[in-house]
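# Reading the structure
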Amino acid sequence: MNTKIVDLKEYSSKEVGLLVQVVLIELMIIFAIINLISDAFMPAFYAIISMIMFTMAYNNIKFYKRKYMTPVYVLVGIFVAITTLVEYVF
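Residues numbered from 1 in each chain as written. Predicted model: local features only at pLDDT ≥ 70, side-chain atom pairs only at ≥ 80, totals over all residues. Heavy atoms only, no water.

Okay, the side chain of N59 next. Examined against the element boundaries, N59 turns out to sit in helix α2 (residues 42-64). Judged by its relative accessible area of 1%, N59 is buried. Setting aside residues up to four positions removed in sequence, N59 forms contacts with G17, L18, Q21 and Y64. (Helix = DSSP H or I, 4+ residues; strand = E, 2+ residues; numbered from the N terminus. Buried < 20%, exposed > 50% of the residue type's maximum accessible area, 1.4 Å probe, protein only. Contact = heavy atoms within 4.5 Å.)

Mapped onto the secondary structure, P43 falls in helix α2. Taking C-alpha positions, P43 is 8.4 Å from L85, a pair spaced 42 residues apart along the chain. Here P43 is in contact with T84 and Y88, once residues within four sequence places are set aside.

What follows is the structure in structure tokens.
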């Protein structure tokens, strides 16, 4: 009896991080075009920019192995999130 053992690939979160980044960039482009017509979705646009910054920081550590830009992405993401909350919520 000839049986072949197939090795299963381990789950990798590298590709998921890149997929999330691509989806968020596409959403950012869509909301940028919508915001040219009307400014109603500006808080959503800023929230997407903040999420992109956090995703880029994650991908920098896990995928690209460049740690020197990660604090910059995190700080910009926090700054955009805080300014969006202050401007549109409070």
